[in-house]
Amino acid sequence: MNRKKIVVTGGAGFIGSNLTEALLDDERVSKVLVIDDLSNGYYENIEPFESHPKFEFQKEDIRNYEKMVELTAGYDAISHQAALGSVPRSIENPMLSNEVNVDGTINILHSAVTNNIDRVILACSSSTYGDSKALPKVEDNIGKPLSPYAVTKYAVELYADVFNKAYGLNFIGFRYFNVFGPKQNPDNPYAAVIPIFCKAFIDGKQPTINGDGKTSRDFTFVDNAVQANIKGIFTEDQSALNQIYNMACGEQTTLSEMVEMLQEITGKDIDANYGPERPGDVKHSKADISKITDKLDYSPTVKFREGLEKVYQWYEEKYS
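Scope of this entry: the structure provided in the associated data block. None of the values given here were measured: they were computed from a predicted structure.

1. Section: the pattern of salt bridges
Here the structure, examined in full by the defined rule, presents 17 salt bridges. Ionic pairing is found between R119 and D118, a salt bridge with its closest N-O pair at 2.7 Å. Among the ionic pairs, K303 bridges to E251, the shortest N-O distance being 3.7 Å. Taken as a pair, K303 in the loop between helix 10 (290–296) and helix 11 (304–319) and E251 in the loop between strand 11 (243–247) and strand 12 (253–254) lie far apart in primary sequence, 52 residues in all. Look at E251 and you get partly exposed, because its relative accessible area is 25%.

As structure tokens, this is what we get:
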């Protein structure tokens, strides 16, 4: 077996660390290099892998092009998870979001070209659909971005396509739809909604919903994102390469419905507070997953309700 050496940028982050764990357990992988500057990831997420013979960690910033070329030499594929997420953060500091998400990604893409790396897997975003009202979201039908973050993630897709045409670099981009799961930090100032709400229920506090509670998302448990990345890394179907895919469950849940589920899961009668809508947020989101199902044989193994139960139990064990 010709085993692969894989780089995971942002591997100390939430999705990256879950992916790293799965790759270390995969017999098709001979080595996993995590590159993370720990500005948005946490060393505790990868600390359990320290003694693993296939694991290596380098604390570096993807904005350092020379270092990216040096560190990625000799690898077969890169799963590029490093990014600055959060719509509100991008509105507060669009310059930093652009530096990390766009400039950093160009560094990774060009490093892959320089080192003759077979392919780059890209963490893209459902925010790319912007103001498009169409549901479900289909890959070829997008609107105008509603935040600097969304602009950066769309730029990543455009650059990947150009690098394929100009340099012959293979890529696969996954538009993540609200991925959640273990190792997602609820105390980060830009934390996502599910960890914040789970922590609120654990603490017996009312979570705050931005808007009327009817905002809906295709919440996607992290195991599904890991599955998609691994399928993208190992697919031998050439027609599956150089494509953008929705990575989701194809379901739709409102924020109010999520609170009701947490009430059922926890047995706690905690209602939500309601605040103003956040600028830059998309109102409704639901993915068409037929393309990724067809091309990569992807099938979500954990649906939302099961994933919510799993992650609440994880937070309860961690914070109780």
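2. Quick notes on the packing of aromatic side chains
Overall, the coordinates contain ten aromatic pairs when judged by the stated rule. The interplanar angle of 45° and the centroid separation of 4.8 Å between the aromatic rings of F163 and Y167 together place this pair among those described as tilted. Separated by four residues within a single helix, F163 and Y167 lie in helix 6 (residues 148–167), roughly one turn from each other. Take F163: its relative accessible area is 6%, and that puts it in the buried class. Of the residues examined, Y167 reaches a relative accessible area of 45% and is grouped as partly exposed. Cluster of aromatic residues (ring-pair linked, three or more members): F180, F219, F221 and F304. A cation over an aromatic ring shows up here: K5 above the ring of Y75, its NZ or CZ 4.9 Å from the ring centre. Here the guanidinium or amino end of K199 rests over the ring plane of Y319, the centre of that ring lying 5.1 Å away.

3. Quick word on empty space enclosed by the protein
In this structure the tally under the stated criterion is one cavity of 30 Å³ or more. Each pocket or cavity is described by its volume, and for the largest cavity that value is around 40 Å³. Forming the walls of the largest cavity are H80, A82, A83, N101, T105, L122, A123, K153 and V156. For the lining of the largest cavity, the elements supplying multiple residues, two or more each, are helix 5 (94–114), strand 5 (119–125) and helix 6. Of the residues in the lining of the largest cavity, the class split is five nonpolar, three polar and one charged.

Thresholds applied
Residues numbered from 1 in each chain as written. Predicted model: local features only at pLDDT ≥ 70, side-chain atom pairs only at ≥ 80, totals over all residues. Heavy atoms only, no water. Salt bridge = Lys/Arg side-chain N within 4 Å of Asp/Glu carboxyl O. Helix = DSSP H or I, 4+ residues; strand = E, 2+ residues; numbered from the N terminus. Buried < 20%, exposed > 50% of the residue type's maximum accessible area, 1.4 Å probe, protein only. Phe/Tyr/Trp six-rings, centres within 6.5 Å; stacked < 30°, edge-to-face > 60°. Lys NZ or Arg CZ within 6 Å of the ring centre and 35° of its normal. 1 Å grid on protein atoms, 1.4 Å probe; cavity = no way out; pocket = protein on both sides within 12 Å on 5 of 7 lines; lining within 4 Å. Points joined across faces, edges and corners; volume = space filled by probe spheres on them. Nonpolar A, V, L, I, M, F, W, Y, C, P; charged D, E, K, R; others polar.

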